[in-house]
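Take a look at the letters that make up each chain.
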Amino acid sequence: MDESRRNFLKITGTGVFGALWGIPVLRAVGKAFESSPKALKAKRWAMALDMKRLGRDDVRAAAAKACNSAHNIPDLGIAEEEVKWIWTEEYEAAFPTQVDKFTPEQMRKQPVLVLCNHCDRPPCVRVCPTKATFKREEDGIVMMDMHRCIGCRYCMAACPYGSRSFNWRDPKPFVRQGIRTDYPTRTKGVVEKCTLCAERLARGENPACVDAANKVGGAGTIVFGDIADPNSEISRVLRSRQTVRRKPSLGTSPQVYYLL
Amino acid sequence: MYDTGKILAGLVAFIVVATFPLWFTNLFGSPSARPVLELPKGEKKCVEDTEYMRHWHMNMLDQWRNEVVREGKRMYVSSDGRKFEMSLNKNCLKCHESRAKFCDRCHNYMAVDPYCWDCHVTPTGE
């Protein structure tokens, strides 16, 4: 065939036109997607955890239990395969940069409630090859899209807080509190973590741990809100009290603050 | 040409054998049993009309999951203006409560094996 420019353009043009022809078929039905009118909205969600009140075992246990049952978290009973969204660390493990040789033993062993920090510059998002984990630009939540996760575990290597867990096996038989059917479980081979209860925010509720901790430990045990709004409760608390964040020198800018 | 008769007979025999699946099913076969779905009892109309759902539900569910997980939008406005929560568990499976009597019947017939059920558990625990 004559390999002229004219012929090339003709064939390419026909091909492109043909391909475009098929697209409207998929989009034929009128489709609109809306966010729920009840949804809680913010420019930047953040959390402030009262360390003293969360030193109480029953308050931390209530927060963790609420999260576990809300999200079908399995209890595998194997430390290496543990799946955790919110859990307890000792002070020296949670805040290694805040500990020196004079730190009293009692302080080192102080239990601290930890969860995903929903960083402003999340390293897990930078390394994810499929964008299965991503930062929601509208409110700063670091989300997981389980449908896209290929289980490479780069994010687990990247996260300096150990906030991510891999499913080494089908978690369903290990959901000991009973599977709730209004929230999906996970499958073997994906990484999971705290999503700041995106599904609860969408129906106008606070994250499960916040409600549970404030119920048992009293209002203000966990303050949750919009730090982009200077008049929100959390903004006022953060301005008025001394806070620490986990490993701030790494530059991830965690958005979970600990009130001293 | 030598052996015309034998060659022609051979050709005819070959065509008869090679096209066996075509003429045999047309002459003697009975149509295979089409899947019969158990439809929801209370509800008459799905989010879109039946024909559309039959052909495009998989694309729709793909789009729903992207809107919900990635865009944070959870309400679907159908072509006739009704609103639904885009949730497999809380919307679709509320009416189509039995996976075995609805989803699986077609999926098995078509020999497709979607992995929705690896994570999403139906209200009846399937």
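Just so it is clear, the structure is predicted and the values come from calculations on it, not from any experiment. (Residues numbered from 1 in each chain as written. Chains lettered and ligands numbered in written order. Predicted model: local features only at pLDDT ≥ 70, side-chain atom pairs only at ≥ 80, totals over all residues.)

### Quick word on the pairing of strand β11 (residues 256-259) of chain A
Residue and element names in this part refer to chain A.
Phase 1 of the analysis: Residue alternation in β11 divides its side chains into two sets, Val-256 and Tyr-258 and Tyr-257 and Leu-259, and both sets are buried.
Phase 2 of the analysis: Pairing of strand β2 (residues 45-50) with β11, which is carried by four bridges, proceeds in the parallel orientation. Looking at the pairing, Met-47 lines up with Val-256 of β11.
Phase 3 of the analysis: Here strand β10 (residues 243-244) runs beside β11; their pairing, made up of two bridges, is antiparallel. Bridge pairing in β11 places Val-244 opposite Tyr-258. (Buried ≥ 20, exposed ≤ 12 C-beta atoms within 10 Å, placed from the backbone. Helix = DSSP H or I, 4+ residues; strand = E, 2+ residues; numbered from the N terminus. Pairing = 2+ DSSP bridges.)

### With respect to the interface of chain A and chain B
Phase 1 of the analysis: Taken together, the contact between chain A and chain B spans 22 residues of the former and 23 residues of the latter.
Phase 2 of the analysis: It is strand β1 (residues 32-34) of chain A that contributes the most residues to the side of chain A that touches chain B, three residues altogether.
Phase 3 of the analysis: For the side of chain A that touches chain B, a count of residues per class yields nine nonpolar, seven polar and six charged.
Phase 4 of the analysis: Alignment of β1(A) against strand β1 (residues 75-77) of chain B, held across three bridges, turns out to be antiparallel. (Contact = placed C-beta atoms within 7 Å. Nonpolar A, V, L, I, M, F, W, Y, C, P; charged D, E, K, R; others polar.)

### Remarks on the domain arrangement of chain B
By convention, interface size is frequently given as the accessible area that disappears when the constituent parts associate.
Phase 1 of the analysis: According to the domain assignment, chain B consists of domain 1 (47-86) and domain 2 (97-126).
Phase 2 of the analysis: The straight-line distance from the C-alpha centre of domain 1 of chain B to that of domain 2 of chain B is 18 Å. (Domains from an automatic or database assignment.)

### Some points on helix α3 (residues 50-71) of chain B
Phase 1 of the analysis: The end-to-end C-alpha distance of α3(B), which contains 22 residues, comes to just 27 Å, noticeably less than the 32 Å that a straight helix rising 1.5 Å per residue would cover.
Phase 2 of the analysis: Where α3(B) is concerned, the buried positions are B:Met60, B:Trp64, B:Val68 and B:Val69.
Phase 3 of the analysis: Contacts made by the buried residues of α3(B) are with β6 (142-144) of chain A together with β1 of chain B.
Phase 4 of the analysis: Just downstream of α3(B), B:Gly72 is the residue with a positive phi angle, here 70°. (Expected span 1.5 Å × (residues − 1).)

### Focus: the sheet that holds β1(B)
Phase 1 of the analysis: If you trace the three strands from one edge of the open sheet to the other, you get β1(A)-β1(B)-β2(B), paired in antiparallel fashion. Each edge of the open sheet is held by one strand with a lone partner, namely β1 of chain A together with β2 (83-85) of chain B. Pairs of neighbouring strands in the sheet enclose a mean axial angle of 30°, with direction left out of account. (Axes fitted to C-alpha atoms, helices over the stretch in contact; angles between N-to-C directions.)

### Quick look at the nonpolar core
Residue and element names in this part refer to chain A.
Phase 1 of the analysis: One finds Leu-49, Ala-63, Cys-67, Ile-86, Cys-209 and Ala-213 to be the most contacted residues of the largest nonpolar core, which totals 59 residues.
Phase 2 of the analysis: It is helix α2 (residues 57-70) that provides the largest number of residues to this core, a total of seven residues.
Phase 3 of the analysis: Those residues in contact with Leu-49, other than ones at most four positions away along the chain, are Leu-54, Leu-113, Ile-222, Val-256, Tyr-258 and Leu-259. (Core = buried A, V, L, I, M, F, W, Y, C linked by C-beta atoms within 7 Å.)

### Looking at the confidence of the model for chain B
Phase 1 of the analysis: Averaged over chain B, the pLDDT score is 89; the fraction of residues at 70 or greater is 99%.
Phase 2 of the analysis: Between the elements of chain B, mean pLDDT differs from a low of 87, seen in helix α4 (residues 88-95) of chain B, to a high of 95, seen in helix α1 (residues 4-18) of chain B. (pLDDT = per-residue confidence, 0-100.)

### Here's the deal with the pairing of strand β4 (residues 111-115) of chain A
Residues and elements named next belong to chain A.
Phase 1 of the analysis: With four of its five residues buried, β4 lies for the most part within the structure.
Phase 2 of the analysis: Pairing analysis gives five bridges linking strand β3 (residues 86-90) to β4, with the strands arranged antiparallel. Paired with Ile-86 across the two strands is Leu-115, which belongs to β4.

### So, the sheet that holds strand β9 (residues 222-226) of chain A
To summarise the sheet geometry, strands pair through backbone hydrogen bonds and adopt either a parallel or an antiparallel arrangement.
Residues and elements named next belong to chain A.
Phase 1 of the analysis: Strand order in this open sheet of four strands is β9-β2-β11-β10, and the pairing throughout is mixed. The outermost strands of the open sheet, each flanked by one partner alone, are β9 and β10.
Phase 2 of the analysis: Sheet strands touched by helix α9 (residues 233-240): β2, β9, β10 and β11. Its angle to β9, the strand with the most contacts, is close to 115°.

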